[in-house]
Amino acid sequence: METEKKLKNLVIVMAVVAGLLAIVLAWVWIDRNSLVNDLTMDKETLTVELGQLKTDYSTLSTNNDSINSQLEHEKLKVEELIDRVKKTEASNRYRIRQYEKELGTLRTIMRGYIVQIDSLNTLNNSLRKDVAQAKDEAHQSKQKYNELRSTTDEYAKQVEVGSVVKGRGFNAIAITSSNKETDRSSRTAKLKICTSLIENSLAPKGPMQLYIRVFGPDKMLLTTSEQQNFTVNGERLIYSASREVDYQGSEIEICIYYAGIQGFTKGVYSIDVYTSRGKLGTADVLLK
């Protein structure tokens, strides 16, 4: 009887222990499943975040080849980490945590590149503005230079035009061998033309050569035995006679004589007066 009672108590104790053990095992199983689920979710979250990081790296680019190469290298590291995460069991808590730390490091590196790229973009924008401003200033300077050059050229032309000596009061007469005025061709020994060089403060001062070209009634140029040339506005012409005068900017009267032929004929003689800068004027004389 006593033995049966002890056996009964032992069975009861063992049943209680078995029940407690079952409860413990059930709790452990539930806890493990919960942990595995959590780790699975962590793995999935880690994979998503790594995918986003890869996309972020793909969107970063600059005009700097060195930085672009570094970005591509970091992008490959992200892809390698994604591959390792996929191959790792979700239950490997240690590896998952290590990968999370690597993700944090890669994010920190990417933020550094973002700051660097922003700085470069800011610098490039500033440089572009400086270049645009420099181009604008250069354009304005060129315009001002062209305007100034145009004005200077115009002034130079005006000065050049203004510096040309002009003549007035052109008068041609025939004179005899005794220097008396005549209108008879038979008594004419030479032709005389006089003019006044007008006052001009802009004209060059000093010796000035004047030339006359005498045309007979037949419109043929009359010359001396030695034909002599002069140049006016780039054209070489033959002159009948010449004279040098000392021009100092004040008005001066001059006369030039032509006696290159013997036996003047009847008709109108035209006499053109020149300097090396151009034609001064013309006068005619009629011989009877």
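The following refers to the structure shown.

A few words on the pattern of salt bridges. Considering all chains together, one arrives at four salt bridges under this definition. With a closest N to O distance of 3.8 Å, K288 and D183 form a salt bridge. Residue K288 is located in the segment after β11 (278-287), and its partner D183 is located in the loop between β2 (181-182) and β3 (190-197); the two are separated by 105 residues in the primary sequence. By relative accessible area, which is 47% here, K288 ends up partly exposed. Because the salt bridges share partners, they merge into one network encompassing D183, R184 and K288.

Attention now goes to unusual backbone geometry. One can expect most non-glycine residues to show negative phi and most peptide bonds to be in trans. Located in the positive-phi region is K219, a residue other than glycine, with phi close to 70°. Overall, K219 belongs to the exposed group, its relative accessible area being 62%. Look at N233: it is not a glycine, yet its phi comes out positive at around 55°. Mapping N233 onto the fold places it in the loop between β6 (228-232) and β7 (235-239). Accessibility expressed as a relative area gives 66% for N233, which makes it exposed.

Thresholds, definitions, all that
Each chain carries its own residue numbering, running from 1 in the direction its sequence is written. Where totals are concerned, whole chains, interfaces and linings use all residues; where local detail is concerned, this predicted model gives features only for residues with pLDDT of at least 70, and gives and counts side-chain atom pairs only at 80 or more. The basis for the side-chain values is all heavy atoms of the structure; hydrogens and waters are excluded. When a carboxyl oxygen of Asp or Glu lies within 4 Å of a side-chain nitrogen of Lys or Arg, that pair is called a salt bridge. Strands here mean DSSP runs of E at least two residues long; helices mean DSSP runs of H or I at least four residues long; both are numbered from the N terminus. Only protein chains enter the area calculation, which uses a 1.4 Å probe; residues under 20% of their type maximum are buried, those over 50% are exposed, and those in between are partly exposed.

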